[in-house]
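# Results of the structural survey
Here is what each chain is made of, one letter per residue.
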Amino acid sequence: MQPFHFFLFSLIAGAWIDQSNKRSILLVTNLLTGLCLLVIPIFAFLNALNFYVFYIVVFLSATFSMMFELAYLSFVPIIVSREDLYRANRNLEVSRSLSQIFGQSIAGFLINILSAPISIMIDSISYFISLFFMWKIKMNEKRETVTENINIFKRILKGLKVLINSRILLSISISTAILNFCRTAFETIYILYIVRNVGMHASQIGLIYGLGSIGGIIGAYFSEFISKKMGIGISIIGATVLIGVGGIVVFTPYFHSKTIALILLTLGQMLSGFGNMLYFVSQVSLRQAITPLKILGSVNASNRFITRGAMPLGGVIGGVLGSYLGLKMSLFIFAAGFFSFNRNIMYHLNLQDKES
């Protein structure tokens with residue numbers, strides 16, 4: 001649901017973040033997310049839990065998570081120097097990837113042992129623990145980063161204008177939108193394909209995704225090293241190639257053996273995960289480095305509006321094409337879309353390397 005929230009609310013949230021204290025937003029949204037999740041076990045204990053409660057909790061928690069993400073993207077450049085942005089984003093993504101890998105495993109274990117409502121209660125408590133550590137960050141935002149209170153719609157337009165007028169930021173936003181569109185469409189029918197056409201079972205799919213996540217951790221960890229050695233432009237373009245190669249692995253002719261198929265699909269997931277993380281860390285660090293802090297929230301929001309707004313559309317079109325063209329042909333089309341980057345992005349990113 002979160003991509004839908006970015007499409008609806010990100011522009012307003014980004015403009016608001018620009019004229020607010022980012023640390024306070026992080027604290028409040030983290031607290032509200034934890035409180036939202038706490039509603040589910042409370043209603044379950046009172047035997048009052050229903051789908052309407054779930055919908056409300058999911059909607060609100062996704063909204064607060066969206067605001068948290070936009071605020072932290074603007075907060076990191078305040079507490080980290082320009083030279084350390086890569087390292088900071090790398091470490092954040094490594095910790096996030098590890099938490100997702102171990103979190104899903106722990107969640108399954110807790111649900112089996114303690115029940116789902118108790119597990120969600122523990123999840124909500126983790127937000128309060130996170131809140132404590134963010135509260136321990138002792139710093140004062142510079143006064144110029146919390147700008148004067150001007151019309152929020154003018155600030156939205158200003159952020160959009162900055163992004164559109166920057167050939168680098170616009171090229172990255174468009175390329176990320178294409179990636180998100182193709183990746184969402186691809187993943188919509190990917191599991192159906194490997195179950196029906198390749199014959200993978202649930203445990204094997206879990207193994208593919210679990211081991212494949214290691215590629216994302218490696219990609220995030222080495223993103224700074226790769227960018228310094230190859231340049232940020234080549235890093236971003238190379239990351240998209242790896243994502244595409246990871247998708248093309250699905251069409252290997254060697255699926256007559258389940259073992260080989262399992263190895264190749266896992267390798268494909270690792271390559272895609274590596275490329276995704278390298279791409280994410282590189283383009284986020286670049287945007288943070290070249291955008292003025294006073295307008296960074298609106299620019300981040302404009303970027304998310306374009307890039308995340310493409311994801312629901314990709315899911316719908318992926319399902320439709322999968323139904324009419326078949327799973328294999330549809331996967332091939334979207335895998336080819338991973339390579340859909342024009343000369344402009346290559347030129348402008350390489351130009352950025354020379355200017356850096």
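Refer to the preceding data block for the structure.
Residues numbered from 1 in each chain as written. Predicted model: local features only at pLDDT ≥ 70, side-chain atom pairs only at ≥ 80, totals over all residues. Heavy atoms only, no water.

This paragraph deals with the overall build of the protein chain. Scanning the protein chain from N- to C-terminus turns up 14 helices and 0 strands. Along the protein chain, helices and strands appear, N-terminal first, in the series α-α-α-α-α-α-α-α-α-α-α-α-α-α. Taking all 356 residues of the protein chain together, the buried fraction comes to 48%. Taking the contacts inside the protein chain whose residues are at least 6 apart along the sequence as the reference set, 85% of them involve residues at least 24 apart. Within the structure as shown, the protein chain displays about 17,900 Å² of accessible surface, and the carbon and sulfur contribution to it stands at 69%. (Helix = DSSP H or I, 4+ residues; strand = E, 2+ residues; numbered from the N terminus. Buried < 20%, exposed > 50% of the residue type's maximum accessible area, 1.4 Å probe, protein only. Contact = heavy atoms within 4.5 Å. Areas by Shrake-Rupley, 256 points an atom, 1.4 Å probe, with all protein chains shown as cover.)

A cluster of nonpolar side chains, Val 241, Val 245, Ile 248, Val 316, Val 320, Tyr 324, Leu 325, Met 329, Phe 332, Ile 333 and Phe 339, forms an exposed patch at the surface whose accessible area comes to about 1,000 Å². Listed by contribution, the elements that provide at least two residues to the nonpolar patch are helix H10 (232–248), helix H12 (296–325) and helix H13 (327–337). Per-element tally for the nonpolar patch: the top contributor is H12, with 4 residues. Here Val 245 is to be found in helix H10. (Patch = residues over 30% accessible without salt bridge, like charges linked within 9 Å, V, L, I, M, F, W, Y side chains within 5 Å. Salt bridge = Lys/Arg side-chain N within 4 Å of Asp/Glu carboxyl O.)

Under the counting rule described, the total for this entry stands at 8 aromatic pairs. Ring centres of Phe 181 and Phe 334 lie 6.4 Å apart, and the angle between their planes is 70°; this geometry places the pair in the edge-to-face category. Here the residue Phe 181 occupies a position in helix H7 (residues 167–196), and Phe 334 occupies one in helix H13, the gap between them amounting to 153 residues. Residue class for Phe 334 comes out buried when judged on its relative accessible area of 4%. Ring centres of Phe 186 and Tyr 190 lie 5.6 Å apart, and the angle between their planes is 25°; on these two criteria the pair is classed as stacked. Remark: Tyr 190 and Phe 186 occur in helix H7; sequence separation between them is 4 residues, near one turn of the helix. Three or more aromatic residues link up through ring pairs in this structure, and these residues are Phe 132, Phe 133 and Trp 135. Seen from the ring of Tyr 221, Arg 90 lies directly overhead, with NZ or CZ sitting 5.1 Å from the centre. (Phe/Tyr/Trp six-rings, centres within 6.5 Å; stacked < 30°, edge-to-face > 60°. Lys NZ or Arg CZ within 6 Å of the ring centre and 35° of its normal.)

Okay, the pattern of salt bridges next. What the rule picks out here adds up to 6 salt bridges. The salt bridge involving Arg 87 is made with Glu 224; its shortest N-O contact spans 3.3 Å. Of this pair, Arg 87 sits in helix H4 (residues 85–114) while Glu 224 sits in helix H9 (residues 223–230); the two residues are 137 residues apart in sequence, bridging distant segments of the chain. Note on Arg 87: relative accessible area 37%, which makes it partly exposed. Residue Glu 224 is classed as buried on the basis of its relative accessible area of 7%. In this structure, Glu 224 engages Lys 228 in a salt bridge whose closest nitrogen and oxygen atoms are separated by 3.2 Å. Of the two residues, Glu 224 and Lys 228 both sit in helix H9, 4 residues apart, roughly one turn of that helix. Using a relative accessible area of 60% as the deciding quantity, one classes Lys 228 as exposed.

This next bit is on the nonpolar core. Counting residues in each nonpolar core, the largest one holds 60 residues, and the members touching the most others are Phe 186, Tyr 190, Ile 194, Met 200, Val 250, Leu 265 and Leu 331. With 12 residues, H7 is the largest single contributor of residues to this core. With residues up to four places along the chain from it excluded, the contact list for Ile 194 reads Gly 199, Met 200, Ile 205, Ile 208 and Leu 265. Formed by 5 residues, the second largest nonpolar core is a distinct cluster that contains Ile 40, Val 53, Val 57 and Phe 64. (Core = buried A, V, L, I, M, F, W, Y, C linked by side-chain atoms within 4.5 Å.)

What follows concerns the side chain of Ser 173. Here Ser 173 is to be found in helix H7. Relative accessible area serves as the criterion here: at 1%, Ser 173 is assigned to the buried category. Beyond its immediate chain neighbours, meaning those up to four positions away, Ser 173 contacts Leu 163, Asn 303, Ile 306 and Thr 307.

Interpretation in functional terms is not warranted from these geometric data alone.
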